[in-house]
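Structural features, examined
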Amino acid sequence: MPKTADPYKIKKGLNVMDLENYITYHFTVIANRTSRGASALFRKEFGVGVVEWRCMVMLAMQEGVSAARISEVSGINKSLVSRSLAKLEKLDHVEDYHGSTSRKPRLLQFTESGRSLYGEMVERMLQREAKLRQGLTAKDLNELLRMLRILFDNTDQLDRLEYHIDLAHTKG
């Protein structure tokens, strides 16, 4: 069985991160590069940023969605989601779900202009996704997605670990 690539090397008695084998590094760089490019593209072409885009993805998936649900699914801070939804509402791209303003939590849906904007944006994102997938076979993609789902599920364990570490520090 092959040896696992360690995310660090010992150098002068210290654990020094080996970025080539450090999973978090790769995720961070890929996420930063794709988000930075998407944000610049969206602001220039569509007048909205990447967080608004992520909100729109959720609205396309589920009309009548709350800021809390978007935050939960996307991993974006709820206050940032709320500000992005307020911007989309100001631009007349979202509105109250079926006109109801009395519902708590507040649920939102696309307006016609929001649905149209999403349609334009999704085409550009699919072009970017195709570029990102270049060089990967269907088998590669299926295996990558399988592994990413495992890592995604493992992030719950990270949250629990950090919560327990925080509790230990507050008790001391």
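Everything that follows concerns the structure shown earlier in this document.
To start, this report covers the structure provided alongside it. Along each chain, numbering runs from 1 in the same order as the chain's sequence is written. Restriction of local features to residues with pLDDT of at least 70 applies here, the model being predicted, together with a cutoff of 80 or more for giving and counting side-chain atom pairs; totals for whole chains, interfaces and linings are based on all residues. Water and hydrogen atoms play no part in the side-chain values, which are based on all heavy atoms of the structure.

**Points about the pairing of strand S2 (residues 14-17)**
- DSSP bridges decide pairing: two strands pair if at least two such bridges lie between them. For helices the rule is a DSSP run of H or I covering at least 4 residues; for strands it is a run of E covering at least 2, with both sets numbered from the N terminus onward. Judged from the 4 bridges that link them, strand S1 (residues 8-11) and S2 form a sheet pairing that is antiparallel. Bridge assignment links Tyr-8 to a residue of S2, and that residue is Met-17.
- Where S1 folds back on S2, the antiparallel hairpin that results is connected by 2 residues, among which Lys-12 adopts a positive phi of roughly 55°.

**Notes on a nonpolar patch on the surface**
- What makes a patch is a set of residues exposed beyond 30% relative accessible area and free of salt bridges, joined within 9 Å when like-charged and within 5 Å when nonpolar (Val, Leu, Ile, Met, Phe, Trp, Tyr). Where accessible areas are quoted, they stem from the Shrake-Rupley method and a 1.4 Å probe; at the residue level, only the protein chains shown are allowed to cover. Within this document, salt bridges are pairs made up of a side-chain nitrogen of Lys or Arg and a carboxyl oxygen of Asp or Glu, the two lying within 4 Å of each other. A cluster of nonpolar residues, Ile-23, Phe-27, Leu-136, Leu-144, Leu-145, Met-147 and Leu-148, forms a patch on the protein surface that exposes about 540 Å² of accessible area.
- Put simply, the parts of the chain that give the nonpolar patch at least two residues each are helix H1 (23-46) and helix H6 (138-171).
- Top contributing element to the nonpolar patch by residue count: H6, with 4 residues.
- By the secondary structure assignment, Leu-144 is in helix H6.

**What to know about helix H4 (residues 78-90)**
- Over its 13 residues, H4 runs 18 Å from end to end, which matches the ideal 18 Å to within 8%, given 1.5 Å per residue.
- Looking only at H4, the buried set comprises Val-81, Ser-84, Leu-85 and Leu-88. The arc that holds the buried residues of H4, viewed along the axis, is 100°, so those residues lie on one side. Opposite the buried face of H4, at more than 90 degrees from it, the exposed residues are Arg-83 and Lys-90.
- Here, two residues are considered to be in contact whenever any of their heavy atoms come within 4.5 Å of each other. Where H4 is buried, its residues contact helix H2 (50-61), helix H3 (67-74), strand S3 (94-96) and strand S4 (108-110).
- Asp-92 sits one or two residues past H4 and shows a positive phi near 65°. The span expected for a helix works out to 1.5 Å for each residue beyond the first. Categorising residues by exposure relies on relative accessible area from a 1.4 Å probe, with only protein chains included: less than 20% of the type maximum marks a residue as buried, more than 50% marks it as exposed, and the intermediate range marks it as partly exposed. Here, the arc refers to the directions that run from the helix axis to the C-beta atoms.

That's the geometry; what it means functionally is another story.
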